[in-house]
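Tertiary structure, described
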Amino acid sequence: MKFQILPDPEALALAAASFICDQAIGRIAQAGRFSIALSGGSTPALAYQQLPGLAQERGLDWSCVQFFWGDERCVPLHHPQSNYRMARESFLDQIPVPTDNLYPMACEDDPGAGAERYEELLRSYFADQPFPGFDLILLGLGEDGHTASLFPDTPILEERVRWVAPVYVPRLASWRISLTLPAINSASVIAFLVSGQQKAESLKRMLEPGSQAANLPAAHIQPQGDLHFFIDRSAGSLLGQSATPSA
Ligand code: 6PG
(Lines give C-alpha, C1' and ligand atoms only; values in the text may rest on other atoms or scores of the structure.)
Protein backbone atom coordinates (compact mmCIF):
# COMPACT_ATOMS: atom_id res chain seq x y z
CA MET A 1 0.00 0.00 0.00
CA LYS A 2 1.21 3.48 -0.79
CA PHE A 3 -0.10 6.56 0.98
CA GLN A 4 -0.08 10.24 0.16
CA ILE A 5 -1.48 12.42 2.91
CA LEU A 6 -2.26 15.87 1.54
CA PRO A 7 -2.97 19.07 3.48
CA ASP A 8 -6.45 19.74 2.02
CA PRO A 9 -8.98 18.59 -0.60
CA GLU A 10 -7.46 20.84 -3.29
CA ALA A 11 -3.99 19.34 -2.81
CA LEU A 12 -5.54 15.87 -2.80
CA ALA A 13 -7.30 16.63 -6.10
CA LEU A 14 -4.08 17.79 -7.71
CA ALA A 15 -2.04 14.83 -6.44
CA ALA A 16 -4.68 12.34 -7.61
CA ALA A 17 -5.01 13.99 -11.03
CA SER A 18 -1.24 13.98 -11.42
CA PHE A 19 -1.18 10.28 -10.52
CA ILE A 20 -3.92 9.50 -13.07
CA CYS A 21 -1.98 11.34 -15.81
CA ASP A 22 1.27 9.57 -14.96
CA GLN A 23 -0.40 6.17 -14.93
CA ALA A 24 -2.06 6.85 -18.28
CA ILE A 25 1.08 8.19 -19.95
CA GLY A 26 3.19 5.29 -18.65
CA ARG A 27 0.74 2.61 -19.73
CA ILE A 28 0.12 4.18 -23.15
CA ALA A 29 3.90 4.23 -23.74
CA GLN A 30 4.00 0.48 -22.99
CA ALA A 31 0.73 -0.82 -24.38
CA GLY A 32 -0.72 1.90 -26.61
CA ARG A 33 -3.88 2.23 -24.53
CA PHE A 34 -5.09 2.75 -20.98
CA SER A 35 -8.31 1.59 -19.33
CA ILE A 36 -9.69 3.41 -16.32
CA ALA A 37 -12.85 2.85 -14.26
CA LEU A 38 -14.12 6.13 -12.84
CA SER A 39 -15.77 6.60 -9.46
CA GLY A 40 -18.69 8.83 -8.50
CA GLY A 41 -18.67 11.15 -5.51
CA SER A 42 -17.53 14.66 -4.71
CA THR A 43 -13.86 13.81 -4.00
CA PRO A 44 -13.07 12.48 -7.49
CA ALA A 45 -15.04 15.32 -9.06
CA LEU A 46 -12.46 17.78 -7.74
CA ALA A 47 -9.62 15.63 -9.10
CA TYR A 48 -11.33 15.28 -12.48
CA GLN A 49 -11.48 19.05 -12.80
CA GLN A 50 -7.69 19.17 -12.68
CA LEU A 51 -7.24 16.65 -15.46
CA PRO A 52 -7.73 18.71 -18.66
CA GLY A 53 -5.02 21.25 -17.75
CA LEU A 54 -2.52 18.74 -16.37
CA ALA A 55 -2.96 16.37 -19.29
CA GLN A 56 -2.38 19.15 -21.77
CA GLU A 57 0.84 20.22 -19.99
CA ARG A 58 2.11 16.65 -20.00
CA GLY A 59 1.01 15.69 -23.50
CA LEU A 60 -1.42 12.90 -22.54
CA ASP A 61 -3.09 11.53 -25.67
CA TRP A 62 -6.71 11.16 -24.59
CA SER A 63 -7.60 9.19 -27.71
CA CYS A 64 -5.69 6.25 -26.16
CA VAL A 65 -7.72 6.29 -22.95
CA GLN A 66 -10.81 4.09 -22.57
CA PHE A 67 -13.23 5.30 -19.87
CA PHE A 68 -15.36 2.85 -17.91
CA TRP A 69 -17.32 3.33 -14.69
CA GLY A 70 -16.95 1.41 -11.44
CA ASP A 71 -20.54 1.96 -10.37
CA GLU A 72 -23.64 3.86 -11.35
CA ARG A 73 -26.92 4.98 -9.91
CA CYS A 74 -29.91 3.61 -11.86
CA VAL A 75 -31.07 6.93 -13.21
CA PRO A 76 -31.02 8.32 -16.76
CA LEU A 77 -27.46 9.13 -17.92
CA HIS A 78 -28.16 12.86 -17.87
CA HIS A 79 -29.80 12.85 -14.43
CA PRO A 80 -28.14 15.09 -11.79
CA GLN A 81 -27.24 11.96 -9.75
CA SER A 82 -25.61 10.14 -12.66
CA ASN A 83 -21.90 9.38 -12.23
CA TYR A 84 -21.57 9.52 -16.02
CA ARG A 85 -23.00 13.03 -16.08
CA MET A 86 -20.69 14.10 -13.25
CA ALA A 87 -17.61 12.89 -15.16
CA ARG A 88 -18.82 14.51 -18.40
CA GLU A 89 -19.33 17.84 -16.67
CA SER A 90 -16.13 17.66 -14.59
CA PHE A 91 -13.74 16.91 -17.43
CA LEU A 92 -14.83 14.64 -20.25
CA ASP A 93 -16.65 17.42 -22.10
CA GLN A 94 -13.47 19.49 -22.08
CA ILE A 95 -10.99 16.99 -23.45
CA PRO A 96 -10.42 15.65 -26.97
CA VAL A 97 -11.65 12.10 -26.38
CA PRO A 98 -13.70 10.22 -28.99
CA THR A 99 -17.16 9.30 -27.69
CA ASP A 100 -16.39 5.71 -28.75
CA ASN A 101 -13.91 5.64 -25.84
CA LEU A 102 -16.68 6.26 -23.28
CA TYR A 103 -18.45 3.22 -21.83
CA PRO A 104 -21.19 4.49 -19.50
CA MET A 105 -23.09 2.07 -17.30
CA ALA A 106 -26.75 2.35 -18.28
CA CYS A 107 -29.22 0.77 -15.86
CA GLU A 108 -32.20 3.08 -15.54
CA ASP A 109 -34.53 0.61 -17.31
CA ASP A 110 -33.66 -2.51 -15.33
CA PRO A 111 -30.71 -2.88 -12.91
CA GLY A 112 -30.29 -6.62 -13.59
CA ALA A 113 -30.31 -6.20 -17.37
CA GLY A 114 -28.03 -3.16 -17.11
CA ALA A 115 -25.49 -5.14 -15.08
CA GLU A 116 -25.60 -8.02 -17.58
CA ARG A 117 -25.09 -5.68 -20.54
CA TYR A 118 -22.13 -4.01 -18.86
CA GLU A 119 -20.55 -7.33 -17.97
CA GLU A 120 -20.88 -8.46 -21.60
CA LEU A 121 -19.24 -5.27 -22.76
CA LEU A 122 -16.36 -5.76 -20.31
CA ARG A 123 -15.99 -9.42 -21.27
CA SER A 124 -15.56 -8.44 -24.89
CA TYR A 125 -13.10 -5.63 -24.07
CA PHE A 126 -11.05 -7.77 -21.64
CA ALA A 127 -11.38 -10.84 -23.83
CA ASP A 128 -10.12 -14.18 -22.46
CA GLN A 129 -9.40 -12.80 -19.00
CA PRO A 130 -10.85 -14.40 -15.86
CA PHE A 131 -11.76 -10.93 -14.56
CA PRO A 132 -11.39 -7.46 -16.09
CA GLY A 133 -7.79 -6.26 -15.76
CA PHE A 134 -8.35 -2.51 -15.60
CA ASP A 135 -5.15 -0.48 -15.69
CA LEU A 136 -6.58 1.80 -13.01
CA ILE A 137 -9.72 1.84 -10.86
CA LEU A 138 -10.60 4.93 -8.84
CA LEU A 139 -12.55 4.43 -5.64
CA GLY A 140 -14.04 6.55 -2.89
CA LEU A 141 -14.92 5.63 0.67
CA GLY A 142 -18.30 6.22 2.32
CA GLU A 143 -18.79 6.97 6.01
CA ASP A 144 -20.36 3.51 6.33
CA GLY A 145 -17.32 1.88 4.69
CA HIS A 146 -18.88 1.43 1.25
CA THR A 147 -16.82 1.75 -1.87
CA ALA A 148 -18.04 1.84 -5.46
CA SER A 149 -21.62 0.61 -4.77
CA LEU A 150 -20.54 -2.18 -2.45
CA PHE A 151 -22.55 -1.26 0.64
CA PRO A 152 -22.40 -3.06 4.01
CA ASP A 153 -24.74 -6.05 4.37
CA THR A 154 -25.74 -6.23 0.70
CA PRO A 155 -25.66 -9.53 -1.25
CA ILE A 156 -23.32 -8.14 -3.94
CA LEU A 157 -20.48 -8.53 -1.39
CA GLU A 158 -20.79 -12.33 -1.71
CA GLU A 159 -20.52 -12.31 -5.51
CA ARG A 160 -17.50 -14.31 -6.68
CA VAL A 161 -18.34 -15.04 -10.33
CA ARG A 162 -20.06 -12.04 -11.87
CA TRP A 163 -18.03 -9.00 -12.91
CA VAL A 164 -20.92 -6.55 -12.57
CA ALA A 165 -24.05 -6.91 -10.45
CA PRO A 166 -27.14 -4.95 -9.42
CA VAL A 167 -27.50 -3.87 -5.81
CA TYR A 168 -30.47 -2.44 -3.91
CA VAL A 169 -29.34 -0.02 -1.21
CA PRO A 170 -32.07 0.12 1.48
CA ARG A 171 -30.61 3.20 3.16
CA LEU A 172 -30.90 5.12 -0.12
CA ALA A 173 -34.04 3.27 -1.25
CA SER A 174 -32.51 2.96 -4.69
CA TRP A 175 -30.88 0.58 -7.14
CA ARG A 176 -27.34 0.84 -8.41
CA ILE A 177 -25.01 -1.38 -10.39
CA SER A 178 -21.39 -1.94 -9.50
CA LEU A 179 -18.24 -3.83 -10.33
CA THR A 180 -18.02 -6.74 -7.91
CA LEU A 181 -15.18 -7.37 -5.44
CA PRO A 182 -13.31 -9.89 -7.66
CA ALA A 183 -13.66 -7.56 -10.66
CA ILE A 184 -12.25 -4.62 -8.71
CA ASN A 185 -9.48 -6.68 -7.13
CA SER A 186 -8.22 -7.84 -10.52
CA ALA A 187 -7.11 -4.30 -11.47
CA SER A 188 -3.43 -3.52 -12.00
CA VAL A 189 -3.72 -0.38 -9.89
CA ILE A 190 -6.41 0.88 -7.52
CA ALA A 191 -6.48 4.39 -6.07
CA PHE A 192 -8.70 5.43 -3.16
CA LEU A 193 -9.48 9.15 -2.91
CA VAL A 194 -10.64 9.97 0.62
CA SER A 195 -11.39 13.46 1.86
CA GLY A 196 -13.01 14.97 4.95
CA GLN A 197 -13.29 14.44 8.70
CA GLN A 198 -16.49 12.41 8.27
CA LYS A 199 -14.40 9.64 6.64
CA ALA A 200 -11.78 9.50 9.40
CA GLU A 201 -13.44 6.77 11.44
CA SER A 202 -14.15 4.40 8.54
CA LEU A 203 -10.66 4.93 7.13
CA LYS A 204 -9.13 4.09 10.50
CA ARG A 205 -11.29 0.97 10.84
CA MET A 206 -10.40 -0.08 7.32
CA LEU A 207 -6.65 0.31 7.71
CA GLU A 208 -5.58 -0.21 11.27
CA PRO A 209 -4.46 -3.72 12.12
CA GLY A 210 -6.75 -5.41 14.60
CA SER A 211 -9.60 -2.95 14.08
CA GLN A 212 -13.05 -4.19 13.12
CA ALA A 213 -12.63 -4.03 9.38
CA ALA A 214 -14.46 -7.21 8.41
CA ASN A 215 -17.86 -5.62 7.87
CA LEU A 216 -16.48 -2.70 5.91
CA PRO A 217 -16.74 -3.41 2.18
CA ALA A 218 -13.76 -1.17 1.44
CA ALA A 219 -11.53 -3.37 3.61
CA HIS A 220 -12.09 -6.19 1.10
CA ILE A 221 -10.33 -4.27 -1.63
CA GLN A 222 -7.12 -6.25 -1.82
CA PRO A 223 -5.94 -6.02 -5.40
CA GLN A 224 -3.46 -8.25 -7.18
CA GLY A 225 -1.77 -5.01 -8.22
CA ASP A 226 -0.87 -1.79 -6.43
CA LEU A 227 -3.12 -0.06 -3.90
CA HIS A 228 -2.69 3.70 -3.48
CA PHE A 229 -4.38 6.04 -1.02
CA PHE A 230 -4.80 9.77 -1.53
CA ILE A 231 -6.04 11.11 1.79
CA ASP A 232 -6.45 14.62 3.08
CA ARG A 233 -5.35 15.54 6.59
CA SER A 234 -8.91 15.55 7.98
CA ALA A 235 -9.70 12.08 6.67
CA GLY A 236 -6.36 10.80 7.95
CA SER A 237 -6.66 12.47 11.35
CA LEU A 238 -7.32 9.23 13.28
CA LEU A 239 -4.62 7.15 11.59
CA GLY A 240 -1.63 6.06 13.63
CA GLN A 241 1.85 5.54 12.20
CA SER A 242 1.26 1.81 11.78
CA ALA A 243 -1.59 2.37 9.35
CA THR A 244 0.45 4.41 6.89
CA PRO A 245 3.79 2.62 6.50
CA SER A 246 4.89 4.46 3.40
CA ALA A 247 3.29 7.85 4.03
C1 6PG B 1 -20.81 6.87 -5.84
C2 6PG B 1 -19.50 6.28 -5.53
C3 6PG B 1 -19.25 6.06 -4.06
C4 6PG B 1 -18.40 7.25 -3.57
C5 6PG B 1 -18.36 7.34 -2.07
C6 6PG B 1 -17.56 8.53 -1.58
O7 6PG B 1 -21.34 6.58 -6.88
O8 6PG B 1 -21.28 7.65 -5.01
O9 6PG B 1 -18.85 5.57 -6.44
O10 6PG B 1 -18.66 4.87 -3.70
O11 6PG B 1 -17.10 7.12 -4.06
O12 6PG B 1 -19.69 7.47 -1.62
O13 6PG B 1 -18.12 9.69 -2.12
P14 6PG B 1 -17.59 11.15 -1.77
O15 6PG B 1 -16.29 11.34 -2.45
O16 6PG B 1 -18.67 12.06 -2.31
O17 6PG B 1 -17.50 11.23 -0.29
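The structure displayed is predicted, hence computed values, not measured ones. (Residues numbered from 1 in each chain as written. Predicted model: local features only at pLDDT ≥ 70, side-chain atom pairs only at ≥ 80, totals over all residues. Heavy atoms only, no water.)

**Brief notes about the site of the ligand**
Contacts to the ligand come from 16 residues, most closely from S42, T43, R73, A148 and K199. A distance of 2.6 Å separates an oxygen atom of the ligand from a polar atom in the backbone of A148. Notes on the ligand: free accessible area 420 Å², of which the protein chains cover 88%. The element best represented in the shell around the ligand is helix α2 (residues 42-58), accounting for 3 residues. For the shell around the ligand, the residue count by class is 3 nonpolar, 9 polar and 4 charged. (Near = heavy atom within 4 Å. Polar contact = N/O pair within 3.5 Å; in protein donor to acceptor, adjacent residues only side chain to side chain. Areas by Shrake-Rupley, 256 points an atom, 1.4 Å probe, with all protein chains shown as cover. Helix = DSSP H or I, 4+ residues; strand = E, 2+ residues; numbered from the N terminus. Nonpolar A, V, L, I, M, F, W, Y, C, P; charged D, E, K, R; others polar.)

**Section: the sheet that holds strand β9 (residues 226-232)**
Across a sheet, strands are paired by hydrogen bonds formed along the backbone, either parallel or antiparallel in direction. Here 6 strands make up an open sheet; going across it, the order is β1-β9-β8-β5-β2-β3 and the pairing parallel. Two strands in the sheet have a free side with no partner beyond their single neighbour: β1 (2-6) and β3 (65-69). Each strand axis lies, on average, 15 degrees off the axis of its neighbour in the sheet, ignoring direction. Sheet topology note: the strand β5 (residues 136-139)/strand β8 (residues 189-194) ladder contains 3 bridges and is parallel. Bridging from a neighbouring strand, I137 pairs with I190 of β8. Helix α1 (residues 9-31) contacts β1, β2 (34-38), β3, β5, β8 and β9 of the sheet and is inclined by roughly 155 degrees relative to β9. (Pairing = 2+ DSSP bridges. Axes fitted to C-alpha atoms, helices over the stretch in contact; angles between N-to-C directions. Contact = heavy atoms within 4.5 Å.)

**Structural notes on the pattern of salt bridges**
Taken as a whole and judged by the stated rule, the model has 9 salt bridges. Put simply, D135 and R27 hold a salt bridge, and the shortest N to O gap is 3.1 Å. Here R27 lies in helix α1 and D135 lies in the loop between α4 (111-125) and β5, a separation of 108 residues in the sequence. Residue R27 is classed as partly exposed on the basis of its relative accessible area of 32%. Note that R176 is salt-bridged to D71, the shortest N-O span being 3.8 Å. One end of the pair, R176, is in strand β7 (residues 174-179); the other, D71, is in strand β4 (residues 71-73), with 105 residues separating them in the sequence. For R176, a relative accessible area of 9% translates into the label buried. (Salt bridge = Lys/Arg side-chain N within 4 Å of Asp/Glu carboxyl O. Buried < 20%, exposed > 50% of the residue type's maximum accessible area, 1.4 Å probe, protein only.)

**Describing the packing of aromatic side chains**
Any two aromatic rings considered together are summarised by their centre-to-centre distance and by the angle between their planes. Under the defined criterion, the tally for this structure stands at 17 aromatic pairs. When the centroid spacing of 5.4 Å and the interplanar angle of 70 degrees are considered together, the rings of F68 and F134 count as edge-to-face. One end of the pair, F68, is in strand β3; the other, F134, is in the loop between α4 and β5, with 66 residues separating them in the sequence. A ring pair is formed by F131 and W163, whose centres lie 6.2 Å apart and whose planes are at 35 degrees; its orientation type is tilted. Pair noted here: F131 is in the loop between α4 and β5 and W163 is in the loop between β5 and β6 (164-169), with a separation of 32 residues, a long-range link. Its relative accessible area of 0% is what places W163 among the buried residues. Here the aromatic residues F68, Y103, Y125, F126 and F134 are joined through ring pairs into a cluster of three or more. (Phe/Tyr/Trp six-rings, centres within 6.5 Å; stacked < 30°, edge-to-face > 60°.)

**Notes on the environment of P98**
Within the secondary structure, P98 sits in the loop between α3 (83-90) and α4. With 34 residues separating them in the primary sequence, P98 and C64 have C-alpha atoms 9.4 Å apart.

**Side note on the packing of α1 against α2**
Two elements in contact, α1 and α2, have axes whose closest approach is 7 Å; the angle formed by their N-to-C orientations is 50 degrees. One finds that α1 runs oblique with respect to α2. Once α1 is placed against α2, the crossing between them reads as right-handed. For the pair formed by α1 and α2, the contact residues are P9, L12, A13, L14, A16, A17, S18, I20, C21, D22 and I25 on the first element and T43, L46, A47, Q50, L51, L54, A55 and R58 on the second. Taken together, the residues that form the contact of α1 with α2 break down as 14 nonpolar, 3 polar and 2 charged. (Parallel < 35°, antiparallel > 145°, perpendicular 65-115°, else oblique. Left-handed = near helix turned anticlockwise from the far one by under 90°.)

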